[in-house]
Amino acid sequence: PARLVVLASGTGSLLRSLLDATRTDGYPATVVAVGVDRECPAEGHAADEGIPSFRVALRDFEDRTAWDRALTDAVAAHEPDLVVSAGFMKILGSAFLERFAGRIINTHPALLPSFPGAHAVADALAYGVKVTGSTVHLVDGGVDTGPILAQEAVQVLDDDDEDTLHERIKVVERRLLAEMVAAVATRGVVSDGRKAVIPGDRT
Ligand code: GAR
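Conventions and cut-offs
Residues numbered from 1 in each chain as written. Predicted model: local features only at pLDDT ≥ 70, side-chain atom pairs only at ≥ 80, totals over all residues. Heavy atoms only, no water. Salt bridge = Lys/Arg side-chain N within 4 Å of Asp/Glu carboxyl O. Helix = DSSP H or I, 4+ residues; strand = E, 2+ residues; numbered from the N terminus. Buried < 20%, exposed > 50% of the residue type's maximum accessible area, 1.4 Å probe, protein only. Near = heavy atom within 4 Å. Polar contact = N/O pair within 3.5 Å; in protein donor to acceptor, adjacent residues only side chain to side chain. 1 Å grid on protein atoms, 1.4 Å probe; cavity = no way out; pocket = protein on both sides within 12 Å on 5 of 7 lines; lining within 4 Å. Sits in = over half its atoms within 2 Å of the grid points. Contact = heavy atoms within 4.5 Å. UniProt positions renumbered as here; feature names shortened; annotations may be inferred.

**Q** Can you tell me about the pattern of salt bridges, naming the residues and giving the values?
**A** Going through the model one piece at a time under the given rule, you end up with ten salt bridges. A salt bridge links E49 to R16; the shortest N-O distance between them is 2.6 Å. Of the two residues, E49 is situated in the loop between α2 (41-48) and β3 (53-55) and R16 in helix α1 (residues 13-22); the sequence distance between them amounts to 33 residues. Relative accessible area serves as the criterion here: at 23%, E49 is assigned to the partly exposed category. A relative accessible area of 22% places R16 in the partly exposed class. In this structure, the salt-bridge partner of D37 is K90, at a minimum N-O distance of 2.8 Å. Within this pair, whereas D37 is found in the loop between β2 (29-36) and α2, its partner K90 is found in the loop between β4 (82-85) and α4 (94-99), the two being separated by 53 residues in sequence.

Encoded structure:
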């Protein structure tokens, strides 16, 4: 199976569901390590499964470049085939992007290119859109700009608040992320830097 290093910062529910997916019969990838940038429940999810985790916190480094190099080395030590950003709330730097180019998968809680950044759900609600959703994409040097692998829509309800909407989006994200990680692990991905195609896909 393909080796995954998963990066997380939040509650780690996407990591938790990806771990469950990797335990299903025939799933083509396995989580070999979990990396975090702060104390967070993702570390506990890793420990529960006997998977090593590492913490690389920005405040422990002189600047972002040094932090990014340390994160790159910590991830590289686990020799991943793919890096999965599952609610990792820091922008990856150039050393990291060069090292793992074309092999970093991110999930974002909006239909990109709408509402990039760290407040996608709140921004979508504030704008008043009636449909938002989930985007799984490859990471490039921009903020949530990389080639899109898959998207799925989620309706915004009149009485939604940020929590209720985000939770419905996460239900979709958990499934879409596991599907796309499996697809890329099995079939790879071809991208010209803008469009991404998973060979064998009909879309
Ligand atoms: C997910 O909705 C993910 O898309 C989002 O953080 C949440 C993590 O959920 N990521 C971003 O907003 C990145 N810009 P979790 O902590 O429950 O796994």
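**Q** Can you tell me about the site of the ligand, naming the residues and giving the values?
**A** Looking at the ligand, there are 14 residues lining it, with T11, S13, H166, K170 and E173 nearest. Contacts to the ligand include T107, whose backbone N or O atom sits 3.1 Å from an oxygen atom. Contacts to the ligand include K170, whose side-chain N or O atom sits 2.7 Å from an oxygen atom. The cavity that encloses the ligand is the largest pocket. Sorting the residues of the shell around the ligand by element identifies α1, β5 (104-108) and α6 (162-187) as the ones contributing at least two each.

**Q** How would you explain the side chain of D37 if you had to name every residue and give the values?
**A** On the accessibility criterion, D37 (4% relative accessible area) is buried. Here the side chain of D37 touches S9 through a polar contact of 2.8 Å, side chain to side chain. One polar contact links D37 to R38, side chain to side chain, over a distance of 3.1 Å. The residues touching D37, leaving out its near neighbours within four places in the chain, are A8, S9, R55, V56, A57, L58, F88 and K90.

**Q** I'd love a proper account of the UniProt feature "domain: Formyl transferase N-terminal" (unreviewed entry) in the chain, names of residues and values included.
**A** Taking the UniProt record as the reference, the feature "domain: Formyl transferase N-terminal" (unreviewed entry) is found at residues 3-180. Helix makes up 36% of residues 3-180 and strand 24%, with an end-to-end C-alpha separation of 14 Å.

**Q** Kindly report on the side chain of H45, identifying the contributing residues and their values.
**A** When you line up the elements, H45 lands in helix α2. Residue classification places H45 among the buried positions, given a relative accessible area of 18%. If we ignore the near neighbours within four places in the chain, the residues touching H45 are T11, G12, L15, R16 and L19.

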